[in-house]
Structure formats: structure tokens, C-alpha cells
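What the coordinates show
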Amino acid sequence: MFSEMIRTTLEREVIGQPAAIASVVRGITRLASGLTPRERSWCTYLFIGPPGTGRTHLVRTVARLLHGEEQRVLTVSCPTAGHPDPWTSFVQQLAPLFGSPAGPAGLGGHDGVLPLGIEGRPAPKVVLIQDLEAAQKEFLLPLARLLATGEAPLQDGHRVRLDNTLVFLTSRICSREILDESSRIGFAGTAGQDEEDEQDSIVKLCNAEAEKLFGLDLLAQLDRLIVFRRLEDEHLAGVLDR
């Protein structure tokens, strides 16, 4: 099955993040099935976690599976404070989404058709919007509107459309709490707390912080907010094997 092939590869490549993998596989399968409503033919995820936990690697692995190359990701940086026209600059970075299913920047792959036996369906495009915590406050509401409607106007009169697109937002908020401040980036030992309880506490903290920084308008447009858990010593063997 298509979804099992995707899941198996992601589990081999992205260590210690089962919740993220399960959610992304569901999203890819939903888009690939052709059953997604036309007015909502995209999936949006917010990945929260520190560097070294697999956020970007998961996105690039998805791009390789769908398009044959990890570089087939449209990577966009959020405009930081002081930018004179943050929204226009941001939308212009998304301009490659306009045009053919593969996009003028070569976002598609395999001649724009899904690999792995699903013939005739265009492969979902992959968009990575990085460092959401750095964005200006006035930028977040237009972004929420884009994720709600799936489109935004370009200066030339055309419109960016998110049809058949996987949108990944990333943020490093709560990195200190996820890692434990005494740990080195990406890895930390357990601190005596039950692992499941600790993870639940961290997820609640991240959700509260995301609501405070990004607002409910934006969070309401997510398919899921996913916290990338701290990698423990036992995950190191899997990372080294990979």
C-alpha cells in the first residue's frame, strides 16, 4: 500500500518522532486519495521543536518520496521585524506555486504524477515555512487567511494557490523545555519524570505558548500542531544506523 510505503520509509529516516510521522502519512494519503474537498485540498502542520530533532529532515524526506529529490521543497522564511512590506515579500516567495501542477520552479516531480503506483494523480507540492516565531505580529493574520482560503493575490494579478499542497510551518518555541536546559542540542537523558507524563506536559506547554504567540486564528487552520520530542540516548543508535 502507498501509505505503508511512505510510513516505512519515514520511520527508517526520522528517528523518535512517531506522532509526526503518523500525522504526515495521514495527510499525504488524504491528498493522494482524491477525496479531499476542492475547497480544502491542502494540509497544514506546525512542527515545534529544537534543531536536531528531525523537523526539516522529515519535510525533505517527504519531498524525496513524492518527487524523487529532497530539493523539491519550496522553502520560505518568515519576514522578521523591521521588514517594510512583510506580506508582499512573503507572497512573492510563494509565487512558484502559481502555474502548472509541477510549478515553474520545478516543485513537482516524476512528470507531476505520484510515484509508488498511484497513477494519474499529481504529487502534492511541499512547502516549508521556517521560523514562525520570528514573524511580525501583523503578518500572522494574513497567513491564517491564506491557510484558510488557500489563495492570495500576487502583484501581477495572478493568485498563489495551495491546491494539492503540504504546508509545513516550523518554530523553535519551547526548545529549552523540550531539551532540558542542561542538555546538548537534540539529545538529553531522562530527568526522573515518567516519560509519557513529561511529554504530555511539554505538549500542553507548547500549545499554550503557540496560542499566545501565533493566535487562535492561525492555529485553527492547522491540521495538527506536532511537538518534536527530545531524542534520548537510545535514539542515537538509530540515528547512527541511518
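Quick notes on the rules
Residues numbered from 1 in each chain as written. Predicted model: local features only at pLDDT ≥ 70, side-chain atom pairs only at ≥ 80, totals over all residues. Heavy atoms only, no water. Buried < 20%, exposed > 50% of the residue type's maximum accessible area, 1.4 Å probe, protein only. Helix = DSSP H or I, 4+ residues; strand = E, 2+ residues; numbered from the N terminus. Pairing = 2+ DSSP bridges. Axes fitted to C-alpha atoms, helices over the stretch in contact; angles between N-to-C directions. Left-handed = near helix turned anticlockwise from the far one by under 90°. Contact = heavy atoms within 4.5 Å. Phe/Tyr/Trp six-rings, centres within 6.5 Å; stacked < 30°, edge-to-face > 60°. Core = buried A, V, L, I, M, F, W, Y, C linked by side-chain atoms within 4.5 Å. Expected span 1.5 Å × (residues − 1). pLDDT = per-residue confidence, 0-100. Disulfide = S-S within 2.5 Å. Arc of directions from axis to C-beta.

1. What to know about the pairing of strand S2 (residues 74-77)
- The side-chain alternation of S2 yields one buried face, formed by Leu 74 and Val 76, and one unburied face, formed by Thr 75 and Ser 77.
- In the sheet, S2 pairs with strand S3 (residues 125-130) via 4 bridges, with the strands oriented parallel. Within S3, the residue paired with Val 76 across the bridge is Ile 129.

2. Some words on the packing of helix H2 (residues 18-33) against helix H3 (residues 55-67)
- At their nearest, the axes of H2 and H3 sit 12 Å apart, and the two run at 35° to each other. Crossing of H2 against H3: the hand is right-handed. Residues Ala 20, Ile 21, Val 24 and Ile 28 of H2 form the contact with H3, whose own contacting residues are Leu 58, Val 62 and Leu 66.

3. Observations regarding the packing of aromatic side chains
- All chains considered together, the criterion is met by 7 aromatic pairs.
- Between the aromatic rings of Phe 90 and Phe 139, the centroid separation amounts to 4.8 Å while the plane-to-plane angle is 85°, which identifies the pairing as edge-to-face. Of this pair, Phe 90 sits in helix H4 (residues 86-93) while Phe 139 sits in helix H5 (residues 137-149), and the two are 49 residues apart along the sequence. When sorted by exposure, Phe 90 lands in the same class as Phe 139, which is buried.
- The structure contains a cluster of three or more aromatic residues connected by ring pairs, namely Tyr 45, Phe 47, Phe 168 and Phe 228.

4. Looking at the nonpolar core
- Leu 46, Phe 90, Leu 94, Ile 129, Leu 132 and Leu 143 are the most contacted members of the largest nonpolar core, which has 38 residues in total.
- Looking at this core element by element, the count peaks at 6 residues for H5.
- In contact with Leu 132, not counting residues within four places along its chain, are Leu 46, Cys 78, Leu 140, Leu 143, Leu 169, Thr 170, Ser 171, Phe 214 and Leu 218.
- If you look at the next biggest cluster of nonpolar residues, it comprises 27 residues, including Val 24, Cys 43, Tyr 45 and Phe 168.

5. Some words on H2
- With 16 residues, H2 should cover 22 Å at 1.5 Å per step; its first-to-last C-alpha distance of 22 Å lies within 8% of that length.
- When H2 is considered as a whole, its buried residues turn out to be Ala 20, Ile 21, Ala 22, Ser 23, Val 24, Val 25, Gly 27, Ile 28, Leu 31 and Ala 32.
- Positive backbone phi, approximately 80°, marks Gly 34, located one or two places after H2.

6. Let's talk about the confidence of the model for the protein chain
- Scored by pLDDT, the protein chain has a mean of 81; 77% of the residues are at 70 or more.
- Every residue in residues 100-106 scores below 50 in pLDDT, and together they form 9 contacts with partners more than four places removed in sequence or on other chains.

7. A closer look at the state of the cysteines
- Inspection of every chain in the model, using the stated rule, returns 0 disulfides.
- Of the cysteine sulfurs around Cys 206, a residue in no disulfide, the closest is that of Cys 174, at 3.9 Å.

8. Observations regarding the environment of Gly 16
- Relative to the assigned elements, Gly 16 resides in the loop between helix H1 (2-13) and H2.
- Spatially, the C-alpha atoms of Gly 16 and Phe 228 are 8.6 Å apart, while their sequence positions differ by 212 residues.

9. A look at H1
- Counted at 1.5 Å a residue, the expected span for H1 with its 12 residues is 16 Å, and the 17 Å between its end C-alpha atoms agrees.
- The set of residues buried in H1 consists of Phe 2, Ser 3, Ile 6, Thr 9, Leu 10 and Glu 13. Each buried residue of H1 sits inside an arc of 135° when the element is viewed along its axis, so together they form one side.

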